[in-house]
Amino acid sequence: MEKNNNSLAVVALVLGIVSIITWLFPIAGYITTIIAIVLGVKGRKSEKRGMATAGMVLGIIFLIITLLNSIIGVLLAFLAIQN
């Protein structure tokens, strides 16, 4: 079980790092950030707690940025339709 949690921590960190790029594409951004957060929470029970926490924090930060990107995109589309 401990080995599995170590793997979750590493995958959470990798997805957190990947989300640095994927926030530009909201659908991909939502997928990578949410999975990074979930795996980070599960991976915090492992020996690699720091990696899990880093992945979770990156996931949270870039989830917020992805959400802002989506909102701005919708607003710009709405404004373009009105003109």
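Summarised in this report is the structure supplied together with it. Note that the coordinates shown come from a computational prediction; the quantities given were computed from them, not determined experimentally.

Tracing the backbone through its elements, the reader meets Thr 33 in helix 2 (residues 26-43). For Thr 33, a relative accessible area of 0% translates into the label buried. In contact with Thr 33, other than residues within four places in its own chain, are Ser 19, Gly 59, Phe 62, Leu 63 and Thr 66.

Another point: the nonpolar core. Residues Leu 8, Ala 12, Leu 15, Ala 36 and Leu 39 constitute the largest nonpolar core, which totals five residues. Those elements that place two or more of their residues in this core are helix 1 (2-22) and helix 2. Looking at which element gives the most residues to this core, the answer is helix 1, with three residues. Once you skip the residues sitting within four places of it in the chain, Ala 12 turns out to touch Ala 36, Leu 39, Gly 40 and Gly 55.

Inspection of the secondary structure assignment puts Ser 19 in helix 1. Look at Ser 19 and you get buried, because its relative accessible area is 0%. Setting aside anything within four residues of it in sequence, one finds Ser 19 in contact with Thr 32, Thr 33, Leu 58 and Phe 62.

Definitions and limits used
- Residues numbered from 1 in each chain as written.
- Predicted model: local features only at pLDDT ≥ 70, side-chain atom pairs only at ≥ 80, totals over all residues.
- Heavy atoms only, no water.
- Helix = DSSP H or I, 4+ residues; strand = E, 2+ residues; numbered from the N terminus.
- Buried < 20%, exposed > 50% of the residue type's maximum accessible area, 1.4 Å probe, protein only.
- Contact = heavy atoms within 4.5 Å.
- Core = buried A, V, L, I, M, F, W, Y, C linked by side-chain atoms within 4.5 Å.

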